[in-house]
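Close look at the chain arrangement
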Amino acid sequence: MKYTAFVTEEIDDNLYTSSFKELDLDKLHVNDILIKLDWSSLNYKDALSAKGHKGITRKYPHTPGVDAAGIVVKSNTNKIKVGDKVVVTGHDLGMNTNGGFSEYVSVPIDWVIELPEDLTLKESMIFGTAGITAAICINELYKHDITPEKGKILVTGATGGVGSISVAILNKLGFEVIASTGKLDKSDFLKSIGAREIIARDEVFDTTGKPLLSRKWAGAIDTVGGNTLSTVFRSTDYHGIVCVLGMVESTDLNINIFPFLQRGVSLIGIDSAERGLEIKKELWKKLSKDWKPDCLNSMAKEVSLLDIKPEIDLILKGGQIGKTLIDCSIKH
Ligand SMILES: NC(=O)c1ccc[n+]([C@@H]2O[C@H](COP(=O)([O-])OP(=O)(O)OC[C@H]3O[C@@H](n4cnc5c(N)ncnc54)[C@H](OP(=O)(O)O)[C@@H]3O)[C@@H](O)[C@H]2O)c1
């Protein structure tokens, strides 16, 4: 049987091209579980993989897509049965295992989460990796005693995938959110998902180099890195935490030790892909219940898998607003 997948190939040294291909399902299905996908979603990492990035995907041809949700059609274990609705985010999916930009994925059992009962497959992919990453960050805030009473929370790259979902969940949980953005013209969107204050990206880009800046927030979720992260760190209040997860501005981090020593601020590294299945299950349960933003279903633009190419270009230019949900069902 054949299936359709988005495939990126290396046609010359460092020269890549992508197209839709009809492939053999038997060759894909080499793992425990075969899933027929309803939905996937677009992440910054997927776009890098789709353009050819050996730091993410070592070997091409390859199908990107770190997120996948659908129905099990083959299973070699009793834990997950044919007909179950399931979600996969991260692990090696879309990196060196063919990913969710496809009609099917084949994955090991220990990457698979049964869809929580209060979530639809579509909602699970509006969250996707962005949602589980935001949930890990917010869990860290609580673990470090940063509750809504402690003060404001800054989210950088606020219109992007992780940024927008973080804003929406934090608002749902009663936090006062400051959204930093390069798209002030999208302030209405940011307000609609719960940002109380919206600031321009430049306001979180210090050029004085001072070791400490005035204290502006109790905690932060930074999706950007570079000088933005350095500025966020130096502006965080006593005993605050900064969740470090992204690098769209830069992978460099130029900081001094004063925020650690004089304010007790911590930097918390966030890695969503390899978080254990148990913690992911716990967070998916929260996302399906008290942490689910009321605005979730209005936060995503829906595109067919066959129309994914312009979306890949857009996210690489920093143009994503909310989430891009990929409809993987193709009419043959
Ligand atoms: N560690 C993890 O587990 C993990 C998980 C998921 C994602 N990530 C990383 O997190 C980052 C964001 O991922 P995403 O999927 O949310 O991407 P995204 O949807 O493209 O969001 C990134 C946002 O950052 C802002 N931005 C873009 N270029 C910028 C620049 N040069 N300087 C400052 N801000 C800029 C833009 O928002 P505004 O216009 O609103 O400023 C953009 O929408 C990526 O680096 C990704 O690899 C890490």
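Residues numbered from 1 in each chain as written. Predicted model: local features only at pLDDT ≥ 70, side-chain atom pairs only at ≥ 80, totals over all residues.

1. A closer look at helix H6 (residues 226–234)
Let me state the cut-off plainly: Exposed residues have 12 or fewer other C-beta atoms within 10 Å of their own C-beta, buried residues have 20 or more, and partly exposed residues fall in between, where C-beta atoms are placed from the backbone. Helix numbers and strand numbers start at the N terminus; a helix is a DSSP run of H or I with at least 4 residues, a strand a run of E with at least 2. By definition, residue pairs are in contact when their C-beta atoms, positioned from the backbone, come within 7 Å.
Of all 9 residues in H6, 7 are buried, a share of seventy percent or more. All of the buried residues along H6 are Thr-228, Leu-229, Ser-230, Thr-231, Val-232, Phe-233 and Arg-234. On the buried face of H6, the contacting elements are strand E8 (153–155), strand E11 (217–222), strand E12 (236–244), helix H7 (258–263) and strand E13 (266–269).

2. Looking at the pairing of strand E10 (residues 197–200)
Defined as follows: DSSP-based pairing: two strands are paired if at least 2 bridges between them are found. Here, the term right-handed applies to a crossover whose path from the first strand over the helix to the second runs clockwise when the strands point away from the viewer.
With 4 bridges connecting them, strand E9 (residues 177–181) and E10 associate as parallel partners. Across the sheet, residue Ile-178 finds its bridge partner in E10, namely Glu-197. Handedness of the β-α-β unit built from E9, helix H5 (residues 187–192) and E10 comes out right-handed.

3. Things to note about the site of the ligand
Heads up, the rule is: In this analysis a residue is considered near a molecule or strand if the C-beta atom, reconstructed from its backbone, is found within 6 Å of that molecule or strand. Note on residue categories: nonpolar means Ala, Val, Leu, Ile, Met, Phe, Trp, Tyr, Cys or Pro, charged means Asp, Glu, Lys or Arg, and polar means any other residue, Gly included.
Surveying the vicinity of the ligand reveals 32 residues, the closest of which are Gly-157, Gly-160, Thr-181, Gly-246 and Gly-318. When residues of the shell around the ligand are traced back to their parent elements, those giving at least two are helix H2 (44–51), helix H3 (121–143) and helix H4 (161–172). Looking at side-chain class alone, the shell around the ligand contains 11 nonpolar, 16 polar and 5 charged residues.

4. Some words on the nonpolar core
Our working rule: Put simply, a nonpolar core is buried Ala, Val, Leu, Ile, Met, Phe, Trp, Tyr and Cys residues tied into one set by C-beta atoms within 7 Å. Annotation comment: domain bounds sourced from an automatic or database domain assignment.
Of all hydrophobic cores here, the largest spans 87 residues; its most connected members are Val-88, Ala-135, Ile-153, Val-167, Val-177 and Ala-179. In terms of residues, this core owes the most to one element, H3, which gives 11 residues. Formed jointly, this core draws a minimum of three residues from each of two domains, domain 1 (2–115 + 299–327) and domain 2 (129–269). When neighbours within four sequence positions are excluded, Ile-153 is seen to be in contact with Leu-170, Phe-175, Val-177, Trp-217, Ala-218, Gly-219 and Ala-220.

5. Focus on the sheet that holds E8
Applicable threshold: Think of each axis as a best-fit line through the C-alpha atoms, taken over the contacting stretch in the case of a helix, with angles from 0 to 180 degrees between the N-to-C directions.
Pairing is parallel across the open sheet formed by 6 strands, whose spatial order is E10-E9-E8-E11-E12-E13. Strand pairing shows two members of the sheet lacking a second neighbour, E10 and E13, which therefore form its edges. Taken over all neighbouring pairs, the strand axes of this sheet differ in orientation by 20° on average, direction set aside. Docked against the sheet, H3 engages E11, E12 and E13, running at close to 155° with respect to E12. In this fold H6 packs onto E8, E11, E12 and E13, with an angle of close to 155° to the strand it touches most, E12.

6. Some remarks on the domain arrangement of the protein chain
As far as domains go, the protein chain holds domain 1 (2–115 + 299–327) and domain 2 (129–269). Between domain 1 and domain 2, the contact holds 12 residues from the first and 13 residues from the second. Residues of the side of domain 1 that touches domain 2, tallied by class, amount to 4 nonpolar, 6 polar and 2 charged.

7. Thoughts on the packing of H3 against helix H8 (residues 277–288)
Stated precisely, the cut-off is as follows: Comment on the angle field: the value is read as roughly parallel under 35 degrees, roughly antiparallel over 145, roughly perpendicular from 65 to 115, and oblique elsewhere.
H8 packs onto H3 with a crossing angle of 100° between their chain directions and a minimal axis gap of 10 Å. As summarised for this structure, H3 and H8 are arranged roughly perpendicular, according to the angle between their axes. Note on element contacts: H8 touches H3 through Lys-280, Leu-283, Lys-286 and Leu-287, opposite Phe-127, Gly-131, Ile-132, Ala-135, Ile-136 and Asn-139. Class assignment for the residues of the contact of H3 with H8 results in 6 nonpolar, 2 polar and 2 charged.

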